[in-house]
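Structural overview
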Amino acid sequence: MNGAAVEVMGVEKVFGRGSEEEVTALSGVDLTIAPGEFVTLIGPSGCGKSTFLRLIGNLLEPTAGSVEVFGKSAHQARMDQDYGMVFQHAGLFDWRRVAANIELPLELRGWSKADRSDRSKEMLDLVKLPDFGGHYPRQLSGGMQQRVAIARALSFEPRLLLMDEPFGALDEMTREHMQGELLRIWHETGTTVVFVTHSISESAFLSNRVVVLSPRPGRIHSIVEIGLGERSEDTREDPRFFEASTEVREALRAVEDGS
Amino acid sequence: MNAGRLRVLMPPLVTGALFIGAWEGGVRVLGIREFLLPRPTSIWAQLTSQWPTLRHAGWETGRIAVSGLVVGIIAGVLLAFFTTRFRTVNEGITPLAVAVNATPIVALAPIFNAWFGITGTLSNQAVVVAVVFFPVFINTAKGLTEVHPDEIELMHSYAAGEWTILREVRIPNALPFFANALRLVAPLSVIAAIVAEYFGGPQDRIGNVITSNAGFARYDAAWAAIAVASAVGLALFATALLLERVSMPWRLVGGESESTTKP
């Protein structure tokens, strides 16, 4: 099935194999993500959701099984820079101005200076920071920095966006605002998103599907389909949003009860 | 802007003037004998009358300090790069360097005289190099390796190789660490040079001017030489600060609260 954006088959990840601290982070994981889909990975800490994301991004190699991204090996996809990555820690480089941070992946791809500058301007408009290209990251608030990190990840128009608790360090208000922004950007760019979170409401608000993981070893416990359609800020007060949140919450409870 | 600069400069200038005034007045009023603590005006008189000797001594000692600084910095930085590139070397060398760094290296001056000759400047320079080398090496190596893991993962997600990561992440990350080391070793190099001169080397340097004048109870002249030494140390420290500011403009900008309001 070559149409999938991400195809994870029978993946197992063991850390410290053979040592006393051997930990099976993930075991027997299968998951197919369609192009343009927004999928959230949620689960208690230690369930391997960040590991899962890093396997898709080929920042880790699976111990067994295979990971394909757009029909090629995860390694090849990384080499082709098919995905953009956003971490909880914005990870902007202090020594680069905001525009230069966004242009970094383009620089590494050998884009001309003029093209880079045009693109970073577009990206700054997209994340609603048009006047901040000349600032240094430390002059920006946490939420603004995270928006720059998203702009950087999207600058080369990757077909896949991997996000590891990107809003985890933000306050509630900024967080909700960023969620709205992310959905808007997702609509505008049509990119596939794999999003790790430990927030139930965040997962329900953002995704098409919520993948609920159980810990030790990390497995897919269940997948909750979220049928909310197009979201707006009103969605947060929509009874269907509460139903979706409840469904995710119950799946997580079932994980903790070990059923 | 000028008013702002004046406001920053005023407190230390006033404090300094008060300190010198209190020194001068205290020595006069309390009748402290000049060989115990000469008055600033006596030191100044020596500074002007002995100026050719002192200027020459300050210049020569400064040259020893600066040449030792340059060699020590280059060696420290090179070894830092080397150990970052080859992790096993790092594991062997770094604990050793930390241990050596904790030993008072100026104590080696008499031994360096035996190794590099007591009459030339080489042994003095060697003391400066040894004093400068370790802080530069340890700090730079730390800056090259202590990179946030997300930043390395980010670079891997761009399929960047080790050289690109070194250029784009490790080196800029190491700059503040290196600058800290520089601020530390710049004045330290003058101290090292002078202490080394106490034990050997040519006789027309600050260290020897201090010891010979003190030996003849010409304490005001010894103090004048100390003043020259401190001026050389200050000049090197100021150069280090200037380099730091020029090389890292992003460290000069204010934090979030001041600058999110656009100009």
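Since the model is a prediction, treat every value here as computed from it, not as a measurement.

1. A closer look at helix 1 (residues 49–56) of chain A
All names here are of chain A.
- With seven of eight residues buried, helix 1 lies mostly within the body of the structure.
- Lys49, Thr51, Phe52, Leu53, Arg54, Leu55 and Ile56 are the residues of helix 1 that are buried.
- Positive phi appears at Asn58, one or two residues downstream of helix 1, with a value of about 60°.

2. Digging into the nonpolar core
All names here are of chain B.
- Counting residues in each nonpolar core, the largest one holds 51 residues, and the members touching the most others are Leu54, Ile73, Val127, Val132, Val136, Phe137 and Ile206.
- Counting residues per element, the ones that place at least two in this core are helix 1 (2–30), helix 2 (40–49), helix 3 (51–85), helix 5 (109–116), helix 6 (122–145), helix 8 (162–199), helix 9 (206–215) and helix 10 (219–247).
- Per element, the largest residue contribution to this core is 13 residues, and it comes from helix 6.
- Excluding residues that lie within four positions of it along the chain, Phe137 makes contacts with Gly76, Leu79, Ala80, Thr83, Ile93, Thr94 and Ala97.

3. Things to note about the side chain of Glu24(B)
All names here are of chain B.
- As for its position among the elements, Glu24 is in helix 1.
- A relative accessible area of 13% places Glu24 in the buried class.
- In this structure the side chain of Glu24 is engaged in a polar contact, spanning 3.1 Å, whose partner is the side chain of Arg28.
- If we skip the residues at most four places from it in the chain, Glu24 touches Arg39, Pro40 and Thr41.

4. Thoughts on the interface of chain B and chain A
- With 26 residues of chain B at the interface, the matching set in chain A holds 30 residues.
- Of the roughly 2,600 Å² buried where chain B meets chain A, counting both sides, 63% is carbon and sulfur surface.
- By the criterion of area lost to chain A, the three top residues of chain B are Glu153(B), Tyr158(B) and Trp250(B), representing 25% of everything that side buries.
- On inspection of chain B and its partner chain A, the count reaches five residue pairs in polar contact (both at pLDDT 80 or more).

5. Some words on a nonpolar patch on the surface
- A surface patch of nonpolar side chains, amounting to about 580 Å² of accessible area, comprises Leu6(B), Leu9(B), Met10(B), Leu13(B), Val14(B) and Leu18(B).
- When you line up the elements, Leu18(B) lands in helix 1.

6. Focus on the sheet that holds strand 8 (residues 192–196) of chain A
Residues and elements named next belong to chain A.
- If you walk across this open sheet you meet the six strands as 6-7-8-3-9-10, and the pairing is mixed. If you trace the sheet from one side to the other, it starts and ends with strand 6 (83–86) and strand 10 (219–225), each paired once. Recorded for the sheet is a direction-independent mean angle of 20° between the axes of neighbouring strands.
- Looking at chain direction, strand 3 (residues 38–42) and strand 9 (residues 209–214) are connected through four bridges and run parallel.

7. Regarding the pattern of salt bridges
- One pass over the structure, following the stated rule, counts 25 salt bridges over all chains.
- We note a salt bridge from Arg205(B) to Asp204(B), for which the minimum N-O separation is 3.0 Å.
- On the basis of relative accessibility, which here comes to 31%, the residue Asp204(B) falls in the partly exposed class.
- Members of the salt-bridge network, linked through shared partners, are Lys72(A), Asp80(A), Asp82(A) and Arg159(A).

8. A look at helix 5 (residues 142–154) of chain A
- Between its terminal C-alpha atoms helix 5 of chain A stretches 19 Å, which fits the 18 Å expected from 13 residues at 1.5 Å a residue.
- Here helix 5 of chain A lies mainly inside the structure; eleven of its 13 residues are buried.
- Listing the buried residues of helix 5 of chain A in full gives Gly143(A), Met144(A), Gln146(A), Arg147(A), Val148(A), Ala149(A), Ile150(A), Ala151(A), Arg152(A), Ala153(A) and Leu154(A).
- If you follow the buried residues of helix 5 of chain A, they end up packed against strand 6, helix 3 (98–108), helix 4 (113–126), strand 7 (160–164) and helix 6 (172–189) of chain A together with helix 7 (149–157) of chain B.

9. So, the packing of aromatic side chains
Residues and elements named next belong to chain A.
- A full pass over the atoms with the stated rule returns 15 aromatic pairs over all chains.
- Feature note: the residues Phe38, Phe167, Trp186 and Phe195 constitute an aromatic cluster, connected by ring pairs.
- One Lys or Arg, Arg159, reaches over the ring of Phe70 and ends 3.9 Å from the middle of that ring.

10. Re the layout of surface pockets
Residues and elements named next belong to chain B.
- In this structure, the largest pocket spans a volume of roughly 250 Å³.
- Lining the largest pocket, in full, are Phe19, Ile20, Trp23, Pro40, Ile43, Trp44, Leu47, Trp223, Ile226 and Ala227.
- Looking at which element gives the most residues to the lining of the largest pocket, the answer is helix 2, with four residues.

11. What about the packing of helix 5 of chain B against helix 6 of chain B?
Residues and elements named next belong to chain B.
- Packing of helix 5 against helix 6 leaves a shortest axis separation of 8 Å and a crossing angle of 130°. With respect to helix 6, the element helix 5 is oriented oblique. Judged by the sense of rotation from one axis to the other, the crossing of helix 5 with helix 6 is right-handed. Note on element contacts: helix 6 touches helix 5 through Leu122, Ser123, Ala126, Val127 and Ala130, opposite Ala109, Phe112, Asn113 and Phe116.
- The residue inventory of the contact of helix 5 with helix 6, partitioned by class, reads seven nonpolar, two polar and no charged.

12. Focus on the confidence of the model for chain B
Residue and element names in this part refer to chain B.
- When pLDDT is averaged along chain B, the result is 87, and 95% of the positions lie at 70 or above.
- For the stretch residues 256–263, pLDDT sits under 50, and the model shows 13 contacts to residues farther than four places along the chain or on other chains.
- Two summary scores accompany this predicted model of the complex, namely pTM at 0.82 and ipTM at 0.86.

Reading the values: the criteria
Residues numbered from 1 in each chain as written. Chains lettered and ligands numbered in written order. Predicted model: local features only at pLDDT ≥ 70, side-chain atom pairs only at ≥ 80, totals over all residues. Heavy atoms only, no water. Buried < 20%, exposed > 50% of the residue type's maximum accessible area, 1.4 Å probe, protein only. Helix = DSSP H or I, 4+ residues; strand = E, 2+ residues; numbered from the N terminus. Core = buried A, V, L, I, M, F, W, Y, C linked by side-chain atoms within 4.5 Å. Contact = heavy atoms within 4.5 Å. Polar contact = N/O pair within 3.5 Å; in protein donor to acceptor, adjacent residues only side chain to side chain. Buried area = accessible area lost by both parts, 1.4 Å probe. Patch = residues over 30% accessible without salt bridge, like charges linked within 9 Å, V, L, I, M, F, W, Y side chains within 5 Å. Areas by Shrake-Rupley, 256 points an atom, 1.4 Å probe, with all protein chains shown as cover. Salt bridge = Lys/Arg side-chain N within 4 Å of Asp/Glu carboxyl O. Pairing = 2+ DSSP bridges. Axes fitted to C-alpha atoms, helices over the stretch in contact; angles between N-to-C directions. Expected span 1.5 Å × (residues − 1). Phe/Tyr/Trp six-rings, centres within 6.5 Å; stacked < 30°, edge-to-face > 60°. Lys NZ or Arg CZ within 6 Å of the ring centre and 35° of its normal. 1 Å grid on protein atoms, 1.4 Å probe; cavity = no way out; pocket = protein on both sides within 12 Å on 5 of 7 lines; lining within 4 Å. Points joined across faces, edges and corners; volume = space filled by probe spheres on them. Parallel < 35°, antiparallel > 145°, perpendicular 65-115°, else oblique. Left-handed = near helix turned anticlockwise from the far one by under 90°. Nonpolar A, V, L, I, M, F, W, Y, C, P; charged D, E, K, R; others polar. pLDDT = per-residue confidence, 0-100.

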